Every structure is written in C-alpha cells, then in structure tokens.
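# Geometric and topological summary
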Amino acid sequence: MSGSLKLRLALLDNIIWMMLIAFFSVCALSIPAFATWTNLVNILYHTTIMSMLVLAQGFVLMSGNLDLSIDAVLAFAPGVAVLMSVKWFPGLLGSPWTAIVLTLSIGALLGLFNGFCVARLGMNAFMQTLSVSIILRGLVLFFIPLSIFPLDPVYSFIGKARIAQLGNIPAAIPVTFFIFFIFHVLINYTVFGRNYLATGGNARASFVAGINTNRMIILGFMVAGILSAIAGMLTAGRQDSVSNTMGNGMTLLAFAGALLGGTSMSGGKGSAFGMLGGAILLGMFSNALNLLGVKVTLIHAAQGTLIFLAILVDRFRVSLRSSMLRKEQIRTLHREEDRGAEYTVGKPREESV
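The chain is annotated in an unreviewed UniProt entry as Autoinducer 2 import system permease protein LsrD from Aminivibrio pyruvatiphilus. Taken from UniProt, the Subcellular location (unreviewed entry) comment for the chain reads in full: "Cell membrane".

Here is the structure:
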C-alpha cells in the first residue's frame, strides 16, 4: 500500500475531526458567545453523558451488533442500586461505595444478559435489546414514580464535583477523557482489541482462526452495560437525584455519534477517539441550537436530520474507502503485469539443442 493511500485512508477515518473543526469555526464566527472558555467547558461537561453512551453504542457496533437498551440501563442501574442502598437493604448495602459497585454490576449483568441472548441463543440484537429497553423503562417507572434525592456526595462526585487544581472544571470531563484513553489503548494495543475487531469484521473467519467469537460479543455487551451505568452515575450526580426520565431518547443520538466518529454499521471498524469526536460534535450541535434560541420542536427535527447525516456519512465513507482500495489493487496488478512483461522481454533466449 502506497504512502499516499495510507494518508488518504487516515484522513477518511478521521473525517470527524475535520467536520468538528469546520463546525466550530462556523459557530465561532456566527454565534458571539460560542467560543468563550465558559461555553466550551459547558459543552464538554454536557457532552460527558452522551460520550459514555456513544462509546457504549460504538463498542457494540464494532462487534457487528446494535444495543437499543443503553439509555434504559442508564436509568435502571443507578435507580435500583440507590434503592437497594437507601431503602431495600440499608443495613447491608448502605455505603455509597457499595452503591457505586452495585450500579456498575447491574450494568454489567444487563449487558451479560443481552450478550448471552444474542451470542448463545442467536436472537436478533435489534429486537432483543429493544425488548430489554421497554422492560427496563417499565420497571424504572414502577420503582421510581417520581425521583430519589438527595444522593450521597460520594455517589454523585463524578457528576457534580469540580476540580480546583484544573481551573475549577467539572470532574466529569477528565474522568471521561481518561475512560476514552483506556479504550483507545484497549482497542489498538491489546490482543483483546484485535480479536474483538476481527470478530466484528468477519465472525466466521475469526471463529475458524480460533477466536471465541461468542465470548467477544458477550464481553462487548457487558462493556456497553458498564459504560451505560457510568453514564447513569454522571446523570444522577449532575442533578443530585435519580429520576425515571433519565436518558430518554439518547440511544439513537448515541448511534449517530458513533457513526460520525468512524464506527462502521457493518462492524470491525472504529476508534475510541473518533467516537469522542462524534460525541463532542453532538454536544456542539445542541449547544449552538440552544444559543440560537431554536424552538424545542425544531431541535428534535434537527437531531433527526443529524442522525440521517450520520448514516449518510457512514455510507459515503465505506463507498469511498472501497473505491480507493479497489483502485490500489488495480494499480498493483498493472505494476506486477508490467514487471512480468519486462522480465519476459529481458530474459535470455534459451539455446536450442
């Protein structure tokens, strides 16, 4: 593969950052308060929750599946964990640290259930996770008719605390960047990451090569469940309560953010920092609409348009990448043919006996 092709493919895979720079430039020039430090911190802070869901959805997409239950897990995991700590079993599970462990464990167990049904039972991921989402939303409404408040400061720390040493920025921002860095290393520099991407790219070939593809899929859903639970903790901490409306309607936007960030709908491709860029673009888009005073009804329409744009960008990226690789294969074939012809012409003629 030529160096120019590698560069073009790298630019194509990181198109989200060019889109992000272009969108930021337009907004900075047209919206007076957009490029201020306070507003930029505000964008990053309000992007943290969506970032976790984008990473969760993108990670499942990398295995060739889809998870529609992430926003329901966002509400269910912290809701049940807090109820267990303060109402159902306060003597046994009353510690806020226990509530944090319970939140992450519930998210992991829900992901394990989704992954088992998809990988082991062969259920369709779309329908399976949709049914789980409906079930969890119903249970959240049953268990939490209104909201649970206030929360222990330890439990709500990452959602509402600020770090004075870093310019008084919200703690959620460095926590989010740290999680994305961990996933960047996991995906790009570990055996698990290579096996996971291979499973999403071609599950049959990966199985033949000795990869336990079912385990990869299950682990992918479990990771998505844990990330959704973290998003729930961020949401609960920000509002200092757990409500039954947390996360409503965020799944499809997370899907759009993952696609904009370079994750492929067909699986086997994606990067953590690309998904972070997709989440930040969603946050900038929402912030710009709010600063412009766009009506709520039009914001929903604009978000739908953004989802359509994400799907369009994904199709464009896949088509253009295939075209580049096909042209490179043709050029390589022609070069090999030319070298073969030169060798034939320059080859010494054998003497006849």
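Now for the packing of helix 3 (residues 37-62) against helix 13 (residues 251-260). Axis separation between helix 3 and helix 13 bottoms out at 8 Å; the angle between their running directions is 70°. Classified by the angle their axes make, helix 3 and helix 13 are roughly perpendicular. Helix 3 and helix 13 meet at a crossing whose hand is right-handed. Residues Met50, Leu53, Val54, Gln57, Gly58 and Leu61 of helix 3 form the contact with helix 13, whose participating residues are Thr251, Leu253, Ala254, Phe255, Gly257, Ala258 and Leu259. Looking at the contact of helix 3 with helix 13 residue by residue, the classes come out as nine nonpolar, four polar and no charged.

Within the secondary structure layout, Met324 lies in helix 15 (residues 296-346). Sequence separation between Met324 and Leu5 is 319 residues, and the spatial gap between their C-alpha atoms is 7.5 Å. Excluding its chain neighbours within four sequence positions, the residues that come into contact with Met324 are Leu5, Arg8 and Leu9.

Buried together is how nonpolar side chains tend to be arranged in soluble globular proteins. Counting residues in hydrophobic clusters, the biggest one holds 98 residues, and the most contacted among them are Met52, Val54, Tyr155, Phe183, Leu227 and Val242. It is helix 3 that provides the largest number of residues to this core, a total of 14 residues. Beyond its immediate chain neighbours, meaning those up to four positions away, Phe183 contacts Leu55, Phe59, Val223, Leu227 and Ala272.

Under the counting rule described, the total for this entry stands at seven aromatic pairs. Relative to Phe285, the ring of Phe23 has its centre 6.2 Å away and its plane inclined at 40°; by these criteria the two rings are tilted. Here Phe285 lies in helix 14 (residues 272-291) and Phe23 lies in helix 2 (residues 15-30), a separation of 262 residues in the sequence. Residue classification places Phe23 among the partly exposed positions, given a relative accessible area of 22%. When its relative accessible area of 18% is taken as the criterion, Phe285 is described as buried. Plain terms: the ring middles of Phe192 and Tyr196 are 5.7 Å apart, the flat faces sit at 25° to each other, and that makes the pair stacked. Residue Phe192 and its partner Tyr196 are located together in helix 10 (residues 191-201), separated by four residues, close to a single helical turn. In this structure Phe192 comes out as partly exposed when scored by relative accessible area, which is 21%.

All right, on to the side chain of Thr251 then. The topology assignment puts Thr251 in helix 13. Not counting residues up to four positions away in its chain, the partners in contact with Thr251 are Gln57, Asp67, Leu68, Ile70 and Asp71.

Side chains of Phe178, Phe181, Ile182, Val185, Tyr189 and Phe273 sit close together on the surface and give an oily, nonpolar patch of about 600 Å² of accessible area. The element that contributes the greatest number of residues to the nonpolar patch is helix 9 (residues 172-189), accounting for five residues. Summarising the element assignment, Phe178 is placed in helix 9. Since its relative accessible area comes to 53%, Phe178 is described here as exposed.

For helix 6 (residues 96-119), which comprises 24 residues, the first-to-last C-alpha distance of 34 Å matches the rise-based estimate of 34 Å (1.5 Å per residue) to within 8%. Capping the start of helix 6, Ser95 holds a side-chain oxygen 3.2 Å from the backbone nitrogen of Trp97, two or three residues further along.

Cut-offs and rules
Residues numbered from 1 in each chain as written. Predicted model: local features only at pLDDT ≥ 70, side-chain atom pairs only at ≥ 80, totals over all residues. Heavy atoms only, no water. UniProt positions renumbered as here; feature names shortened; annotations may be inferred. Axes fitted to C-alpha atoms, helices over the stretch in contact; angles between N-to-C directions. Helix = DSSP H or I, 4+ residues; strand = E, 2+ residues; numbered from the N terminus. Parallel < 35°, antiparallel > 145°, perpendicular 65-115°, else oblique. Left-handed = near helix turned anticlockwise from the far one by under 90°. Contact = heavy atoms within 4.5 Å. Nonpolar A, V, L, I, M, F, W, Y, C, P; charged D, E, K, R; others polar. Core = buried A, V, L, I, M, F, W, Y, C linked by side-chain atoms within 4.5 Å. Buried < 20%, exposed > 50% of the residue type's maximum accessible area, 1.4 Å probe, protein only. Phe/Tyr/Trp six-rings, centres within 6.5 Å; stacked < 30°, edge-to-face > 60°. Patch = residues over 30% accessible without salt bridge, like charges linked within 9 Å, V, L, I, M, F, W, Y side chains within 5 Å. Areas by Shrake-Rupley, 256 points an atom, 1.4 Å probe, with all protein chains shown as cover. Salt bridge = Lys/Arg side-chain N within 4 Å of Asp/Glu carboxyl O. Expected span 1.5 Å × (residues − 1). Polar contact = N/O pair within 3.5 Å; in protein donor to acceptor, adjacent residues only side chain to side chain.

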